[in-house]
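Take a look at the letters that make up each chain.
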Amino acid sequence: MDAKQLLDSLEHGVVAIAPDWTIAAWSATAARITGLPAERVLGQSFWVAFPAAKATHIERVLQQVLHDGKPQMYLAPAAASDFPGMVFETQVSRGPHNHLIMVFRQVREQLDPESRAAHLMSALETERRLYLQLFSSLPTPGLVLTVDGQILDANPEGVKLLGAADPVALRGRPMGDWTPAAHRAPLAAALRDAVTQRQELRLTVEYAGEPPHDVRAVIVNVDPMRQSPKLLFLALDVSREALLQQRLLQADRLSQLGALVSGVAHELNNPLAAIAAFGEALVLDPSQADVQESAEVIRSEAMRAGRIVQTLLDFARQRPRVQTAVDLGEIADRVLALQRSGFKKARIRASVSVPKDVPAVAGDPQELQQVLLNAVVNARQAIENSGRPGQIGIAAQVTGQHVVVTVEDTGPGVPADILDRVFEPFFTTKADQGTGLGLAISFGLVRGMGGRMWMQNVEGGGARLSFELPVDAGDASARSAADPASDSRRLSVLVVEDEDSVRRAMALLAKRLGHEVTSVGRFADATERLAAPNVRYDALLVDVHLDDEHTGFDLFERLREEGRGRERHIVFTTGDSISLHTRDALQQADRPVLRKPFSLDELREMLERVAAG
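Right, let's walk through the structure included here. (Residues numbered from 1 in each chain as written. Predicted model: local features only at pLDDT ≥ 70, side-chain atom pairs only at ≥ 80, totals over all residues. Heavy atoms only, no water.)

This part is about the overall build of the protein chain. A count of helical and extended segments in the protein chain gives 19 helices and 22 strands. The proportion of buried residues among the 613 residues of the protein chain is 46%. Sequence separation of at least 24 residues holds for 58% of the intrachain contacts in the protein chain that already meet a minimum separation of 6. If you sum the accessible surface of the protein chain, you get close to 31600 Å²; carbon and sulfur atoms cover 52% of it. (Helix = DSSP H or I, 4+ residues; strand = E, 2+ residues; numbered from the N terminus. Buried < 20%, exposed > 50% of the residue type's maximum accessible area, 1.4 Å probe, protein only. Contact = heavy atoms within 4.5 Å. Areas by Shrake-Rupley, 256 points an atom, 1.4 Å probe, with all protein chains shown as cover.)

This is how it looks when you write it as structure tokens:
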């Protein structure tokens, strides 16, 4: 029988520890008693395999036997959490080549329940379980470290923070393995100082495949009576906290931007309305054929500028979710208009392919605009990062009772190993340039509108973001009802607008449509006209803002109180679509709104609609 067979046949467990504290032998009985197979501990440091034994009387016994060679015996609970509830009687002696030989047996069940040793062991076991329970249940990452930064133990949150599989994978490794070089010296100083005084510090924790985590840590010596203290390292991952603060700051800036845009929108949209109207009048004038091309440019650019202002207002606006019919082509055009400058700098060609037979979808226009804007911005950034020119295409097609919208780019695509994570909150590959919320928010918005969203790579390069939304149920009937209702009869129109250029432009367009137009600039003039006997107006175009003392809503209330129903012929015009007061008043009045600047077709449709009602 060889030596190994002899050791394995003994009723006691036998462990041999080399001078460098690595476990050189682990008998079969030791494995059976502890439940730890030999392959799990052989070659490991004794203090890594049993970190709870560090800086205890067990270490003192081992050091003393190593020093003087006199065998000693001790009775103690298990020195590691791998086999809780056990108590070992252990004899330690010094063998050849300064190896320590530990011979142990489990004796808990053999102790007299009434003995002092049994009570002592029971108390020790209760304390040990309490410590383990407290440590494991901490909601924040916790590590037990030596003064030189070696990891002795980790709770589940600590394991998660360092990206490990279990605490065993961390034991014996230096904490510095997870910190950048610039943070290692401050960490080492904090660990040394923590022996005598509680320490707090900020550091970064990083490992392959994950973005860095900013950590606020507290380090406390939980065993100050020992020569080899144990340091409790409690960490708070503040990465998300910092990210949320950043998002709050962005939201605050967006709110300020919204207030700023709201303040200037009226001042911008009024002159834009005049420019667009006079430009369109020139286009329609056969006697001005030589200037028609220039006039068309003036008109189209004024309308484009107005759409950009409207898009900014809608994007910054905070309001409850609505469910209505949404024209995908219009939303796509508005999003691309916002990105036109960025496309030019990045050498990107953008296109929209939404066939005329694609119906409106049921959703929230502002939220759908945000979804498309997020997708287009991601696509633009992907192409920019490639350093090459590229293309972005927005397309839509009908599939049964749904419309599928795709945003496709010619960038590098999405790495296959993260393709299924792109919709996770806070997951980003853009480091400090991204928040990881764009696609997560879009995913939630699309689901809220009754749809679904997915991402895939395009063969040959690039990525395609797709989302599916239900067709608006009333779309077809609404269009069929609207088309034949066109009324080309001559209308009597009253224009109430305080700005002279806008008033003249609106009157000019209404006259181009063949209507009889009266225009006034003040509230008093409007009430005087409306009070004249035998006067009837088929439509009233009333600006929301009239003068310092009156608004268009005052005129609406005056007509409503007289009880003749003339308030039902009012169409409000406005360049302010964000102020809470204006929105609330428009909602209460329940009248159609013509937003400046507007085209001749939009004016025609609105006048016919109000006259028919």
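Attention shifts here to the packing of helix α12 (residues 365–386) against helix α13 (residues 438–448). Where α12 contacts α13, the two axes come as close as 9 Å, and the packing angle between them is 145°. Viewed along their axes, α12 and α13 form a crossing whose handedness is left-handed. Contacts between α12 and α13 involve Glu-367, Gln-370, Val-371, Asn-374 and Asn-378 on the former and, on the latter, Gly-438, Leu-439, Ile-441, Ser-442, Leu-445 and Val-446. Its residues assigned to classes, the contact of α12 with α13 comprises 5 nonpolar, 5 polar and 1 charged. (Axes fitted to C-alpha atoms, helices over the stretch in contact; angles between N-to-C directions. Left-handed = near helix turned anticlockwise from the far one by under 90°. Nonpolar A, V, L, I, M, F, W, Y, C, P; charged D, E, K, R; others polar.)

Side chains of a nonpolar character, in soluble globular proteins, are inclined to be buried together. Among the nonpolar cores identified, the biggest contains 40 residues, and Leu-328, Leu-368, Leu-372, Ile-394, Val-403, Val-405 and Phe-467 are the most heavily contacted of them. Where this core is concerned, the elements lending two or more residues are α11 (328–346), α12, β14 (390–399), β15 (402–409), α13, β16 (452–457) and β17 (463–470). The element contributing the most residues to this core is α12, with 9 residues. Each residue touching Ile-394, except ones within four places of it in the same chain, is listed here: Ala-332, Leu-336, Ser-351, Val-352, Ser-353, Leu-372, Val-376, Val-405, Thr-406 and Val-407. One finds Ala-30, Leu-36, Ile-58 and Val-65 within the second-largest nonpolar core, a separate group that totals 27 residues. (Core = buried A, V, L, I, M, F, W, Y, C linked by side-chain atoms within 4.5 Å.)

The strand order across the open sheet formed by 5 strands is β12-β14-β15-β17-β16, and the pairing between neighbours is mixed. Among the strands making up the open sheet, the edge pair consists of β12 (348–353) and β16. On average, each strand axis in the sheet is inclined to that of its neighbour by 15°, with strand direction left out of account. In terms of strand pairing, β16 meets β17 through 6 bridges, oriented antiparallel. Residue pairing for β17: Trp-454 is matched across the bridge by Ser-466. α12 rests against β12, β14, β15, β16 and β17 of the sheet, and its axis sits at about 145° to β14. The sheet strands contacting α13 are β16 and β17, and the helix crosses β16 at an angle near 135°. (Pairing = 2+ DSSP bridges.)

The next subject is helix α15 (residues 500–512). Spanning 13 residues, α15 covers 18 Å between terminal C-alpha atoms, matching the ideal 18 Å at 1.5 Å per step. If you check which residues of α15 are buried, you get Val-502, Arg-503, Ala-505, Met-506, Ala-507, Leu-509 and Ala-510. Just beyond α15, the residue with positive phi is Gly-514, at close to 90°. (Expected span 1.5 Å × (residues − 1).)

Here the focus is the packing of aromatic side chains. What the rule picks out here adds up to 7 aromatic pairs. Between Trp-26 and Phe-50 the ring centres are 6.1 Å apart and the planes differ by 20°, which places this aromatic pair in the stacked class. Separated by 24 residues along the polypeptide, Trp-26 in strand β2 (residues 23–26) and Phe-50 in the loop between α4 (46–49) and α5 (57–68) bring together distant segments of the chain. Taking the centre distance of 4.9 Å and the plane angle of 50° together, the rings of Phe-553 and Phe-572 count as tilted. Residue Phe-553 is located in helix α17 (residues 552–562), and its partner Phe-572 is located in strand β21 (residues 570–574); the two are separated by 19 residues in the primary sequence. (Phe/Tyr/Trp six-rings, centres within 6.5 Å; stacked < 30°, edge-to-face > 60°.)

Looking now at the sheet that holds β21. Sheet strands line up and pair through hydrogen bonds in the backbone, either parallel or antiparallel. With parallel pairing, the 5 strands of this open sheet are ordered in space as β19-β18-β20-β21-β22. Either end of the sheet is taken by a strand with one partner, and the two such strands are β19 (516–520) and β22 (593–595). Neighbouring strand axes in the sheet, compared pairwise and without regard to direction, differ in orientation by 20° on average. Bridging between β21 and β22 involves 3 bridges; their strand directions are parallel. Within the sheet, the bridge partner assigned to Phe-572 lies in β22 and is Val-593. Contacts from helix α16 (residues 523–531) reach β18 (492–496), β19 and β20 (539–543) within the one sheet, and its direction differs from that of β19 by about 140°. Seen against the sheet, α17 touches β18, β20 and β21 and runs at an angle of roughly 170° to β21.

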